Amino acid sequence: MTRVVPFHEYGEPDVLQIDDIEVSAPASDEVQIAVKAIGLNRAEVMFRRHAYLQEAEFPSMLGYEASGTITSTGGAVIGFAEGDAVSVIPTLDMARWGTYGELINVPARHVVKHPENLSFEQAAASWMQYVTAWGALVEQAKLMTNEFVIVSAASSSVGVAAIQIGRSVGATVIATTRTRSKVEALIKAGAHHVIATEEDDLAARVTEITGGKGARVVFDPIGGPAIAQLADCMAVGGILLEYGALSPDEGPFPQFAVLGKSLTLKGYLYTEIVSDDAILSRAKTFINDGLRSGTLDPLISRTFAFDAIQEATRFLESNEQIGKIVVTV
């Protein structure tokens, strides 16, 4: 029997419970992993609260990220063997291939041998954030040296990943956060500039930083009225990639900024990257190279024991952390 953390109804962290189940052998295209660490993500919170793109079928598994060692492989799997240290790239169905467990089955295309310099905790804290940020900034926006990029809500794990990826390609990173309480930490995380949106004039500060040009790339998980504010900060021909909806409010369409600057506003999902084999291969190469060289360095805010999964999730929801929450198994 194996301990896993399913949920049997939508709700708050107390719906998470540890159950003992029998995990089946991996399918022909899957590997089975003895989990050492689990990375927590806000997408999992949204799924548990019935506010995500996917519907649960109860009891439902949960979780996008994990790391560990392979215990067995399906008959069609090549390139992996028992004992390999691996980490999980988010799948297209967390209910089917959830990672909150001691033993999990995952499609082999969503598994990678991470660099040996990474701990299991770091490996479990890598792939959701770096795949999401890489896909937006590098694959789609084509962010380049000497360009400006605005990273909104930058204290999240994806925000920190975007800061590191922006720096790695030679761009100047402008991070935003609500108050000054996280400014110093974001500078330490690699941001060139940090703007506290509740205390500073966002457009004026971006104009000052960019010498009046504005930022060509914006990476935003907030939405709502913030989109119009960000559009005012953008350069001619800029692109805004919207990857979340943290704001509960709808915002006005910034038609004058869009028309006057020939802007592109694009909804973006990590699934655009992981559903395409060629793009996913490019992501794996870029991220593994960055992890190996240290230009990408997973920032772990805090670790929790597997038995404290409810507490770990509550801490994630408190938004007190900068970086990733990791559960050790």
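Located above this text is the structure these notes cover.
Keep in mind that what you see is a predicted model, and the values were worked out from it rather than measured.

Colleague: Pulling in residues and values, what's your account of the overall build of the protein?
Modeller: Secondary structure summary: the protein contains 11 helices and 15 strands in total. Expressed as lengths along the three principal axes of its C-alpha atoms, the size of the protein is roughly 60 × 40 × 35 Å. The proportion of buried residues among the 329 residues of the protein is 55%. A fraction of 69% describes how many contacts in the protein between residues 6 or more apart in sequence connect residues 24 or more apart. Here the protein displays about 13,900 Å² of accessible surface, and carbon together with sulfur accounts for 51% of that area. Side chains of the protein carry 25 positive and 40 negative charges; the gap between the two charge centres is 7 Å.

Colleague: Any details on the packing of helix H3 (residues 127–140) against helix H10 (residues 277–293)? Residues and values, ideally.
Modeller: Close contact between H3 and H10 brings their axes to 10 Å; oriented N to C, the two are set at 110°. By the angle class used here, H3 and H10 are roughly perpendicular. For the pair H3 and H10, the sense of crossing is right-handed. On H10, the residues touching Trp 127, Tyr 130, Val 131, Trp 134, Val 138 and Glu 139 of H3 are Ile 279, Arg 282, Ala 283, Lys 284, Phe 286, Ile 287, Asn 288 and Leu 291. The residue inventory of the contact of H3 with H10, partitioned by class, reads 10 nonpolar, 1 polar and 3 charged.

Colleague: Break down the pairing of strand S4 (residues 65–73) for me, with residues and values.
Modeller: Consecutive side chains along a regular strand alternate between the two faces of the sheet. Two strands pair when backbone bridges link them, and strand S3 (residues 30–40) and S4 are joined in this way by 8 bridges, in the antiparallel orientation. What sits directly across from Gly 39, in S4, is Glu 65. Pairing between S4 and strand S5 (residues 85–88): 3 bridges, direction antiparallel. If you follow Thr 69 over to S5, its bridge partner there is Ala 85.

Colleague: Give a detailed account of the sheet that holds strand S8 (residues 148–151), specifying residues and quantitative values.
Modeller: Strand order in the open sheet formed by 6 strands is S10-S9-S8-S11-S12-S13, with parallel pairing between adjacent strands. Taken across any chain shown, the strands that pair with only one partner, and hence form the sheet edges, are strand S10 (193–196) and strand S13 (264–267). Put simply, the sheet's adjacent strands are angled 20° from each other on average, direction ignored. Sheet contacts for H3: S8, strand S11 (215–220), strand S12 (234–242) and S13; angle to S11, the most-contacted strand, approximately 160°. Contacts from helix H6 (residues 202–210) reach S8, strand S9 (172–177), S10 and S11 within the one sheet, and its direction differs from that of S10 by about 165°.

Colleague: Explain the pattern of salt bridges to me, using residue names and the numbers behind them.
Modeller: Taken as a whole and judged by the stated rule, the model has 16 salt bridges. With its nearest N and O atoms 2.4 Å apart, the salt bridge here joins Glu 317 to Arg 49. In this pair, Glu 317 sits in helix H11 (residues 309–318) while Arg 49 sits in the loop between helix H1 (42–48) and S4, placing the two residues 268 residues apart along the sequence. Glu 208 is the salt-bridge partner of Arg 205, the closest N and O atoms lying 3.2 Å from each other. Here Glu 208 and Arg 205 lie together in helix H6, a separation of 3 residues that amounts to about one turn. Under the relative-accessibility criterion, Arg 205 is labelled partly exposed at 23%. Its relative accessible area of 56% is what places Glu 208 among the exposed residues. One network of salt bridges, with partners in common, ties together Glu 12, Arg 48, Arg 49 and Glu 317.

Colleague: Could you give me a rundown of the environment of Ser 152, with the residues and numbers involved?
Modeller: In this fold, Ser 152 is placed in the loop between S8 and helix H4 (157–168). When residues no more than four places from it in sequence are discounted, the contact partners of Ser 152 are Thr 176, Phe 219, Asp 220, Pro 221, Ile 222 and Leu 230. A distance of 3.2 Å separates a polar atom in the side chain of Ser 152 from a polar atom in the side chain of Asp 220.

Colleague: Give me the environment of Tyr 243: which residues, what numbers.
Modeller: The topology assignment puts Tyr 243 in the loop between S12 and helix H8 (255–261). In this structure, the C-alpha to C-alpha distance between Tyr 243 and Ala 305, residues 62 residues apart in sequence, is 30 Å. Setting aside its immediate chain neighbours within four residues, Tyr 243 contacts Thr 132, Ser 156, Val 158, Gly 159, Phe 219, Asp 220, Pro 221 and Tyr 268.

Colleague: So what about empty space enclosed by the protein? Which residues, and what values?
Modeller: Applying the stated criterion to the full structure yields 1 cavity of 30 Å³ or more. Reported here for the largest cavity is a volume of approximately 30 Å³. If one sorts the elements of the lining of the largest cavity by residue count, H1 sits on top with 3 residues. Here the residues of the lining of the largest cavity sort into 4 nonpolar, 1 polar and 2 charged.

Colleague: I'd like a description of the environment of Ile 104, backed by residues and values.
Modeller: The topology assignment puts Ile 104 in strand S6 (residues 103–107). As a C-alpha pair, Ile 104 and Asp 249 span 145 residues in sequence and 38 Å in three-dimensional space. In this structure Ile 104 touches Val 31, Gln 32, Ile 33, Val 35, Ala 66, Val 88, Gly 98 and Thr 99, once residues within four positions along its chain are discounted.

Colleague: If you had to explain the nonpolar core to someone new, which residues and values would you point to?
Modeller: Counting 80 residues, the largest nonpolar core has Ile 33, Leu 40, Leu 137 and Phe 219 as the members making the most contacts within it. Every residue in contact with Leu 137, bar those within four places of it in the chain, is listed here: Lys 142, Leu 143, Val 149, Ala 162, Ile 165, Gly 166, Val 217 and Phe 219. Membership of the second largest hydrophobic core comes to 18 residues, among which are Ile 150, Ile 174, Val 206 and Leu 263.

Cut-offs applied
Residues numbered from 1 in each chain as written. Predicted model: local features only at pLDDT ≥ 70, side-chain atom pairs only at ≥ 80, totals over all residues. Heavy atoms only, no water. Helix = DSSP H or I, 4+ residues; strand = E, 2+ residues; numbered from the N terminus. Buried < 20%, exposed > 50% of the residue type's maximum accessible area, 1.4 Å probe, protein only. Contact = heavy atoms within 4.5 Å. Areas by Shrake-Rupley, 256 points an atom, 1.4 Å probe, with all protein chains shown as cover. Lys, Arg positive; Asp, Glu negative; His and termini not counted. Charge placed at Lys NZ, Arg CZ, Asp CG, Glu CD. Axes fitted to C-alpha atoms, helices over the stretch in contact; angles between N-to-C directions. Parallel < 35°, antiparallel > 145°, perpendicular 65-115°, else oblique. Left-handed = near helix turned anticlockwise from the far one by under 90°. Nonpolar A, V, L, I, M, F, W, Y, C, P; charged D, E, K, R; others polar. Pairing = 2+ DSSP bridges. Salt bridge = Lys/Arg side-chain N within 4 Å of Asp/Glu carboxyl O. Polar contact = N/O pair within 3.5 Å; in protein donor to acceptor, adjacent residues only side chain to side chain. 1 Å grid on protein atoms, 1.4 Å probe; cavity = no way out; pocket = protein on both sides within 12 Å on 5 of 7 lines; lining within 4 Å. Points joined across faces, edges and corners; volume = space filled by probe spheres on them. Core = buried A, V, L, I, M, F, W, Y, C linked by side-chain atoms within 4.5 Å.

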